[in-house]
Amino acid sequence: MSFRLNPIKLNEDGSLANAQMSFFSSYNALSERYRRDLQKGWAGQFRTLIMPYIDEEPYRVLYSAEPSRGNTPVNVLLGAIILKLMKGIPNDDDLREKICFDMEFRYALCCETTGKAPVSDNGFTRFRQACITHYINTGEDLIYKTFISLKEQFAKLMEIDTSLFSIDSTMIDTWAKDMNRLGILYANNELLIQAITGMMIHKRPPKTTTVKNRIDIIDGQLSLAGCADEGSGTEVLERFLSDRVQELSLAKTKLPESLHRYLEAETKNITTYHSGEPYSERLAAVLSDASELVALCAEHSEYQKDPYYETFTRILEEQCKQDEHGNYALKSKGEGMTSDMIQNPHDPDATFREKDGEKHKGYVTGFTQAKNADGETLVMDYTLEKNNVSDQTLGAELLKGMKSEAENQKITCVGDSLFNGEEMRRGAEENNIEIINTNLTGKAPADHCADHQFDDEGNLKKCAGNATPVSTRINKDGSCTAKFNKEDCAACPHREECGKQEQVKFNSLKISVKTAERAQYLRDRDTDEFKEFSHFRNGVETIPSILKNKYRADSDRAMGLAAKKITVGFMFIATNVVKVLQFISRRINPALT
């Protein structure tokens, strides 16, 4: 499939300037009044503000350079996926129906001139998969590029102030379910067997039949877990069942008889949940099967070339240890169990992290937000990583994007206490950015600690009482121990609260730069400027709510870091599109402000 551009040029009345209207288009049946209503509504705004500014050129790499059938327009695919999120459409099939039969959708996507839907049944799935594969192979995130290009257009339109940012992060949980260690090892064996045999254990019949559920293998026989009406796709179903019988027969020839039970759907539930056998016996059987699979792959080197084989061996290394005879046994908690371990074989990139007393398995996204003079906000940048990456690491990465937004002006970044640390401070210094932290936790130091003076190395030059220490030294934890003359301490107004230790010749005080900075922060917290920063920072908390409650990020079925980056990227694009459409609506109708 070759690449072709779909440039969108609009006339003043909103009609396409570079396309001929189809005689059979439903748009022709609308009266002038209805056409005006269509132009003024959300569809007209999306059509004029979003579609012309989607840059298709970066996606050329996804298609063939050889002359062939043209691709589905990239801006139509991207626009449709954005509308799917905005309108809460549950799946791609319903989205395609909307494009086929809903005049507003067709008008918004600039495809009202054609007599047919521009997207095939699997068009959206193939497009997403192409973007994921491209990211895995090259490291280039095309969806992120689209986010940046649209954000630049929106920021100009909304007159966003790029000297002040707020920053936050949130966990994005994997859709893959929680598994105990037996479940992980069983699924690990099952997926490798699936890869070796080329046969899916659970497989749904074609959409042309009325079978509702999948076809399973139970007791070595095919079982239809659904129903079909007579005369409705019967031939297709019979052909499907015949093919499955052949697949099962071929799969058994590639496996030892002891592993045939993995081809039966009920074996998994019996082994991991409903079996009356002791847990230790079931676990020993699964580990024995894993040993047999390792031997099988050693005998057939072509099995080791399968992409899943690497995940299979990684799980065994993480979960198990081998004795002198090569038999596997589970590792104990003190034998190298880390948060990097695979939590579910179906999503090998998802990691474990406990935050604010809650356990999470999946990913973490960090993002920044800026506002205009009227307080209207826009997401300026985002990143997504495995969830065992710290907030400080995410923040340091996002600081680079802030610097590129405003090269020659002072930049202020407001974040909560999680973005207060050495890595974040170092990144701020490298990019000449001021960090303001709100909602710091922990014991509050005395107010006078803000008046301590330090040199660049962290040595105390003068205490809050303006006394110069006799000597100082830097401790291993980064704090400073200073010694003072007893006469200076006796005349100090803070002598009762400074926390000094009295010694024979001198008084000793242990203090750190962080303590002084924290005291200064607490002193500044009551100023009007700080309260304004705090209110601005609180506004960024809406983004996690939008991702989780509106776009259902935790329920998204994308598996793997690459797939998650693509789907979360669409969510951030949709978030900004909603913001800019609301911005325009307020300008058209001030009563909405």
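Residues numbered from 1 in each chain as written. Predicted model: local features only at pLDDT ≥ 70, side-chain atom pairs only at ≥ 80, totals over all residues. Heavy atoms only, no water.

## Notes on the packing of helix H6 (residues 123-138) against helix H19 (residues 561-588)
Part 1 of the reasoning: It is the contact of H6 with H19, at a shortest axis distance of 9 Å, that shows an interaxial angle of 125°. Taken together, H6 and H19 sit at an angle that is classed as oblique. Where H6 crosses over H19, the two elements pack in a sense that is right-handed. Counting all contacts with H6, which are made through Phe127, Cys131, Ile132, Tyr135 and Ile136, the residues of H19 involved are Ala562, Ala563, Lys565, Ile566 and Phe570.
Part 2 of the reasoning: A breakdown of the residues in the contact of H6 with H19 according to their chemical character gives 9 nonpolar, no polar and 1 charged. (Axes fitted to C-alpha atoms, helices over the stretch in contact; angles between N-to-C directions. Helix = DSSP H or I, 4+ residues; strand = E, 2+ residues; numbered from the N terminus. Parallel < 35°, antiparallel > 145°, perpendicular 65-115°, else oblique. Left-handed = near helix turned anticlockwise from the far one by under 90°. Contact = heavy atoms within 4.5 Å. Nonpolar A, V, L, I, M, F, W, Y, C, P; charged D, E, K, R; others polar.)

## Quick notes on the layout of surface pockets
Part 1 of the reasoning: Here the second largest pocket is characterised by a volume of approximately 750 Å³.
Part 2 of the reasoning: For the second largest pocket, the lining is made up of 22 residues, of which Ile435, Ile436, Asn437, Glu517 and Tyr521 are closest to its centre.
Part 3 of the reasoning: Elements represented by at least two residues in the lining of the second largest pocket include exactly helix H14 (422-430), strand E10 (433-438), helix H16 (513-524) and helix H17 (528-539).
Part 4 of the reasoning: Its residues assigned to classes, the lining of the second largest pocket comprises 8 nonpolar, 5 polar and 9 charged. (1 Å grid on protein atoms, 1.4 Å probe; cavity = no way out; pocket = protein on both sides within 12 Å on 5 of 7 lines; lining within 4 Å. Points joined across faces, edges and corners; volume = space filled by probe spheres on them.)

## Considering the packing of helix H8 (residues 181-197) against helix H10 (residues 265-274)
Part 1 of the reasoning: With their axes 10 Å apart at the nearest point, H8 and H10 run at an angle of 155° to one another. In terms of orientation, H8 lies roughly antiparallel with respect to H10. The element H8 and its partner H10 pack so that their crossing is right-handed. Contacts between H8 and H10 involve Leu182, Gly183, Tyr186, Ala187 and Glu190 from the first element and Thr267, Lys268, Thr271 and Thr272 from the second.
Part 2 of the reasoning: Considering only residue class, the contact of H8 with H10 consists of 3 nonpolar, 4 polar and 2 charged.

## What about helix H4 (residues 92-101)?
The periodicity of an α-helix, 3.6 residues per turn, causes residues three or four positions apart to be oriented the same way.
Part 1 of the reasoning: Every buried residue belonging to H4 is among Asp92, Leu95 and Ile99, and all of these are buried. One side of H4 holds all its buried residues, which, seen down the axis, span an arc of 55°. (Buried < 20%, exposed > 50% of the residue type's maximum accessible area, 1.4 Å probe, protein only. Arc of directions from axis to C-beta.)

## A short note on the environment of Glu152
Part 1 of the reasoning: Examined against the element boundaries, Glu152 turns out to sit in helix H7 (residues 142-158).
Part 2 of the reasoning: The sequence separation of Glu152 and Met380 amounts to 228 residues, and the corresponding C-alpha distance is 8.6 Å.

## With respect to the environment of Ala467
Part 1 of the reasoning: Locating Ala467 in the fold gives a position in the loop between strand E12 (460-462) and strand E13 (471-474).
Part 2 of the reasoning: Residue class for Ala467 comes out buried when judged on its relative accessible area of 10%.
Part 3 of the reasoning: Sequence separation between Ala467 and Asn485 is 18 residues, and the spatial gap between their C-alpha atoms is 8.9 Å.
Part 4 of the reasoning: Apart from residues no more than four positions distant in its own chain, Ala467 is found in contact with Lys461, Lys462, Phe484 and Asp488.

## Considerations on the pattern of salt bridges
Part 1 of the reasoning: Enumeration over the complete set of coordinates arrives at 25 salt bridges.
Part 2 of the reasoning: A salt bridge links Asp289 to Arg261, with the shortest nitrogen-to-oxygen separation between them at 2.3 Å. A residue pair is termed long-range when its members are at least 10 positions apart, and Asp289 in helix H11 (residues 279-299) and Arg261 in the loop between helix H9 (234-253) and H10 qualify at 28 residues.
Part 3 of the reasoning: Residues Glu496 and Arg495 are paired through a salt bridge, measuring 4.0 Å at the closest nitrogen-oxygen approach.
Part 4 of the reasoning: Residue class for Arg495 comes out partly exposed when judged on its relative accessible area of 36%.
Part 5 of the reasoning: The network of salt bridges with shared partners includes Asp168, Asp416, Arg537 and Glu541. (Salt bridge = Lys/Arg side-chain N within 4 Å of Asp/Glu carboxyl O.)

## Observations regarding the sheet that holds strand E16 (residues 506-511)
Part 1 of the reasoning: A sheet is described by the order of its strands in space; here 4 strands give the open sequence E13-E14-E16-E15, paired in antiparallel fashion. Pairing within the sheet leaves two strands with one partner each, and these edge strands are E13 and strand E15 (501-502).
Part 2 of the reasoning: Both E13 and strand E14 (residues 480-485) contribute to a ladder of 4 bridges, which runs antiparallel. Across the sheet, the residue bridging to Thr472 is Ala482, located in E14. (Pairing = 2+ DSSP bridges.)

## Topic: unusual backbone geometry
Part 1 of the reasoning: One non-glycine residue with positive phi stands out, namely Cys110, at about 60°.
Part 2 of the reasoning: One can find Cys110 in the loop between helix H5 (103-108) and H6.
Part 3 of the reasoning: Note on Cys110: relative accessible area 10%, which makes it buried.
Part 4 of the reasoning: Positive phi values are uncommon outside glycine, yet Arg552 reaches one of about 55°.
Part 5 of the reasoning: For Arg552, a relative accessible area of 52% corresponds to the exposed category.

## Thoughts on the confidence of the model for the protein
As a note on interpretation, predicted positions should not be read in detail where pLDDT is low.
Part 1 of the reasoning: Per-residue pLDDT for the protein averages 83, and the proportion of residues at 70 or more is 87%.
Part 2 of the reasoning: Every residue in residues 208-213 scores below 50 in pLDDT, and together they form 22 contacts with partners more than four places removed in sequence or on other chains.
Part 3 of the reasoning: With pLDDT under 50 throughout, residues 225-232 is counted as low confidence; its partners more than four residues away or in other chains account for 14 contacts. (pLDDT = per-residue confidence, 0-100.)

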